[in-house]
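Examination of the molecular architecture
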2 protein chains.
Amino acid sequence: MIIDVKELYNNIDKYMGKEITLQGWIRNHRKQKELGFIDFSDGTCFQHVQVVYDDQLDDFDSITKYHVGSAIEVHGLVIQSPKEGQAFEIQTQKILLLGDCPEDYPLQPKKHSREFLREQAYLRPRANLFQAAFRVRSVAAYSIHKYFQERGYVYFQAPLLTASDCEGAGEMFHVTSFDLAHVPMKDGEVDYSKDMFDCPSSLTVSGQLEAETFALAYKKTYTFGPTFRAENSNTRVHANEFWMIEPEIAFCDLAGDMEIMEDMLKYVVSYVLEHCKDEMEFFDKFIESGLIQKLEKLVHSRFTRITHREAIEILQKADVKWEFEPKQGEDIAKEHEKYITEYFDGPVFITDWPKDIKAFYMKENEDGQTVAAVDLEVPGAGEIMGGSQREDCYEKLVKRMDDLGMDKQELYWYINLRKFGSCVHSGFGLGFERLLIYITGIDNIRDVIPYPRTPGNCDF
Amino acid sequence: MIIDVKELYNNIDKYMGKEITLQGWIRNHRKQKELGFIDFSDGTCFQHVQVVYDDQLDDFDSITKYHVGSAIEVHGLVIQSPKEGQAFEIQTQKILLLGDCPEDYPLQPKKHSREFLREQAYLRPRANLFQAAFRVRSVAAYSIHKYFQERGYVYFQAPLLTASDCEGAGEMFHVTSFDLAHVPMKDGEVDYSKDMFDCPSSLTVSGQLEAETFALAYKKTYTFGPTFRAENSNTRVHANEFWMIEPEIAFCDLAGDMEIMEDMLKYVVSYVLEHCKDEMEFFDKFIESGLIQKLEKLVHSRFTRITHREAIEILQKADVKWEFEPKQGEDIAKEHEKYITEYFDGPVFITDWPKDIKAFYMKENEDGQTVAAVDLEVPGAGEIMGGSQREDCYEKLVKRMDDLGMDKQELYWYINLRKFGSCVHSGFGLGFERLLIYITGIDNIRDVIPYPRTPGNCDF
């Protein structure tokens, strides 16, 4: 019977003493005179299997020559392992070579730099760090769907191609069916009537505005899809293509929004801790010492809620030589985020931000100076999510857009949501890769995306 | 206590006779002299609630004037309804107007054409047909994740920006950070060294090739993400942006692939039938008569497996005047698909296709003429999924690419998978919207995508 290694680990009592067949790859291979040891993985779980064979096999000599990286089929008996801390091993009856691997295979069992592995991105999921990272990515993605679906949210797959350029969050990539060497022009301008959509089109930077149309029809909705920024930023946290989660909830104010943000984050972190134990232990041991403790503390804490005004007051009273002086009405720097989370020794929601540094769609507070916006700051990572109550008053939204010189015609449908049965509603955004960086401790966004797109890199 | 309508329907015994509060929208409003009836929905389930109020309320007169589309808060008692077939109704104690709606609200309670509703795409999820369609979309999407995750597949989020133009499936959209009116040129060619990725980039048409790199690391993987075609096709089944599911499984041949295809399709259909009962009954009644029966039949059938050669023989023997004569070595037309599914009275896998009409990566059979490819034909929809065993032999893949004049340098990593521990592996592709068309009976792809992108249309 051919089984997955995961199935074997999950039901070792059932298989102990039984004959089984495994199919997978040689990750390492040590040979002695009369014995051979294959470190075997089929990728279905983080743990490998020790496959032991001896010179009683007719083809012992050829088996000893099987290279690291080869695909093999192992027939053998599951037995107790004499090695301490190892639940079992496979006593080989037969090994078939399914696919050879040459000796110049790039992933030899030794330490490789992250930079080298990025160049070998198509092979790196076979290496422990990435095997773990991308499984956590998969499990975390599923837990997000599970969280929202079990609570009655409708999954909204936002359009990625958009004719709108006023979503207000940075540079957008242009999309066209034109041959770039021969863009048709008319009267000195691009003749978009010849392009696919008869108008300029771009890649979306956010699905939030469209998600609001779903919230006002389904009450609870969430997006989970790719978004794009044409920013030439070469940092550890920026990529040109990344995934966002954007829930949107009708009849929900800022306080309710924060409850959902806190609950969802704890759920996802708990789910990963429970379902990726081996991967998380690996990260804790080799990537970020204390990682699991950090995450468990988050799950069991009650997040603090303070206003931006209070945060600035705390920062101003602090006995710290700041690089950027904290000031009322201004943004909060990285060093400030760090201080605040240490001050409260846990995650902190900072609410009611100065309106001039926040987006046009955020609900204006009664003071006329601040908006019902919130950032969640977590220890060790700073801002991880941001949300707001949305401006639900037609007149106020229109005035705000006019003040900012925005094109109202293009967003007529968004504005109309405030005319046709408007209601209090709120939402938030979570960058999926930011979350993964926080959960895994891996400090570079290039290493939590299978095939990252960053300036100068669109490989594979 | 504020509750969702879904919660109310799911636990009606618990709430019967109790005071509750609901927040949602007026879908219809009938007034009599001393009584008013509000058809109320909060979007958390397909079913509406009948809200009854009488002239004992102080503000009876103003309530009678609340318009269709308005957001309201209803405080009332859950009581047995005198109306037959209605489990309960709300006896109103208080109604608050949260957000008014003018009388020129486009979604008045009458029959609207699909074309009109497409123009009102930001409002149409409030109309029954689309309320149902996009909830089914959400539930179906979740069931796909659930199916694969519970079976140990790793979710692979394929990159959408790609420098590769040889994925071999039609026209691609170009992506650039250039101002299209001023594309930098050098020696008569576009100077891509000035573009974001230092090279031409496009939107992906498939994540399959990259998914194979994950299959050879995790054994089982699947994509579920957007894909794009820059095709100027104005049909009922084509869109420029759509979602694909592309599973890929190592150590799995074509027979195993078909088992997974059949099992997954039955799972998803069953899941939607079970979790979207009201929506499916609506479709069965108003969109496609016999829909539920069609789907239940699929779930309980065993799919037939025949070769392309056998299919052509059956077609040639048929007493039918074909528009396209069926021929060995050639493709199968729509009329043929229909005949075959009727002939076997159920879904049919057609395998082993002529290699010249299939993609370069498909495994060549021993006859040298056919490849280990499969199309699944279902009654009433024709081809719904396609898959293949992949060519796992390095030399054969290289030869096939050479024969087709393909650029091997660009896909070096794909070819190398056949060098570094190659193994038998297979996969398939499912267009998510094609599946939704089949499940809902809605016959136009524009009506199963919230904001469809088709030639000339990139609105919202």
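Note that the structure is predicted; figures quoted are calculated from it, not measured.

On to the sheet that holds strand β1 (residues 19-31) of chain B. Residue and element names in this part refer to chain B. Taken in spatial order, the five strands close into a barrel running β1-β2-β3-β5-β4, and their pairing is mixed. Sheet twist, expressed as the average angle between the axes of neighbouring strands with direction ignored, equals 55°. Of the pairings in the sheet, the one linking strand β2 (residues 35-41) to strand β3 (residues 49-54) comprises six bridges and is antiparallel in character. Directly across from Phe-37, in β3, lies its bridge partner Val-52.

The subject of this paragraph is the pattern of salt bridges. All names here are of chain B. Per the stated rule, a full pass over the model turns up 62 salt bridges over all chains. Where Glu-212 meets Arg-418, a salt bridge forms, and the shortest distance between an N and an O atom there is 2.8 Å. Here Glu-212, found in helix α6 (residues 208-218), pairs with Arg-418, found in the loop between α13 (412-416) and β18 (425-431); they are 206 residues apart in sequence, far enough to count as distant. Residue Glu-212 shares its accessibility class with Arg-418, and that shared class is buried. For Lys-408, the salt bridge goes to Asp-402, with nearest N and O atoms at 2.6 Å.

Here the focus is the nonpolar core. Core analysis: the largest hydrophobic core is formed by 233 residues, its most contacted members being Met-280, Phe-283 and Phe-432 of chain A together with Met-280, Phe-283, Phe-432 and Ile-439 of chain B. Look past the residues within four positions of Phe-283 of chain A in its chain and what remains in contact with it is Leu-129, Ala-132, Ala-133, Val-136, Glu-288, Leu-291, Thr-440 and Ile-442 of chain A.

Of the residues lining the interface, 108 residues belong to chain B; the matching set on chain A comes to 108 residues. Summed over the three residues of chain B that lose the most area to chain A, namely Gln-157, Leu-180 and Phe-420 of chain B, the buried surface amounts to 9% of that side. Here chain B and chain A share four salt bridges between them. With its nearest N and O atoms 2.6 Å apart, the salt bridge here joins Asp-4 of chain A to Lys-220 of chain B. At the surface where chain B touches chain A, the tally comes to 38 residue pairs in polar contact (both at pLDDT 80 or more). Element by element, the count of residues in the side of chain B that touches chain A is highest for helix α5 (residues 128-150) of chain B, at 13 residues. Grouping the constituent residues of the side of chain B that touches chain A by class yields 61 nonpolar, 27 polar and 20 charged. Pairing of strand β8 (residues 174-176) of chain A with strand β8 (residues 174-176) of chain B, which is carried by three bridges, proceeds in the antiparallel orientation.

Residue and element names in this part refer to chain B. For helix α11 (residues 334-344), the set of buried residues is His-336, Glu-337, Ile-340 and Thr-341. Along the axis of α11, the buried residues cluster in a sector spanning 130°; they form a single face. Away from the buried face of α11 by more than 90 degrees, exposed residues Lys-334 and Lys-338 are located. Of the surrounding secondary structure, the elements contacted by the buried residues of α11 are β14 (304-307), α10 (308-317), β15 (348-354), β16 (370-378) and β17 (382-389).

Here we take up the packing of helix α9 (residues 291-300) of chain B against helix α14 (residues 432-440) of chain B. Angle between the axes and distance between the axes are the two parameters that describe a pair of packed helices. Residue and element names in this part refer to chain B. In contact at an axis separation of 8 Å, α9 and α14 are set at 115° when each is read in the N-to-C sense. Here Leu-291, Lys-294, Leu-295 and Leu-298 of α9 come into contact with α14, specifically with Tyr-438, Ile-439 and Thr-440. For the contact of α9 with α14, a count of residues per class yields five nonpolar, one polar and one charged.

Moving on, we get to the confidence of the model for chain A. Mean pLDDT over chain A stands at 96; residues scoring 70 or higher make up 99%. Across the interfaces of the predicted complex, the ipTM metric reaches 0.97, alongside a pTM of 0.97.

Residues and elements named next belong to chain B. Buried residues dominate β15, accounting for six of its seven residues. Here β14 pairs with β15 via four bridges, running parallel. Note on β15: the bridge partner recorded for Ile-306 is Ile-350. Relative to β16, β15 runs antiparallel, the two sharing six bridges. Following the sheet pairing, Val-348 is matched in β16 by Glu-377.

Reading guide: rules and limits
Residues numbered from 1 in each chain as written. Chains lettered and ligands numbered in written order. Predicted model: local features only at pLDDT ≥ 70, side-chain atom pairs only at ≥ 80, totals over all residues. Heavy atoms only, no water. Pairing = 2+ DSSP bridges. Helix = DSSP H or I, 4+ residues; strand = E, 2+ residues; numbered from the N terminus. Axes fitted to C-alpha atoms, helices over the stretch in contact; angles between N-to-C directions. Salt bridge = Lys/Arg side-chain N within 4 Å of Asp/Glu carboxyl O. Buried < 20%, exposed > 50% of the residue type's maximum accessible area, 1.4 Å probe, protein only. Core = buried A, V, L, I, M, F, W, Y, C linked by side-chain atoms within 4.5 Å. Contact = heavy atoms within 4.5 Å. Buried area = accessible area lost by both parts, 1.4 Å probe. Polar contact = N/O pair within 3.5 Å; in protein donor to acceptor, adjacent residues only side chain to side chain. Nonpolar A, V, L, I, M, F, W, Y, C, P; charged D, E, K, R; others polar. Arc of directions from axis to C-beta. pLDDT = per-residue confidence, 0-100.

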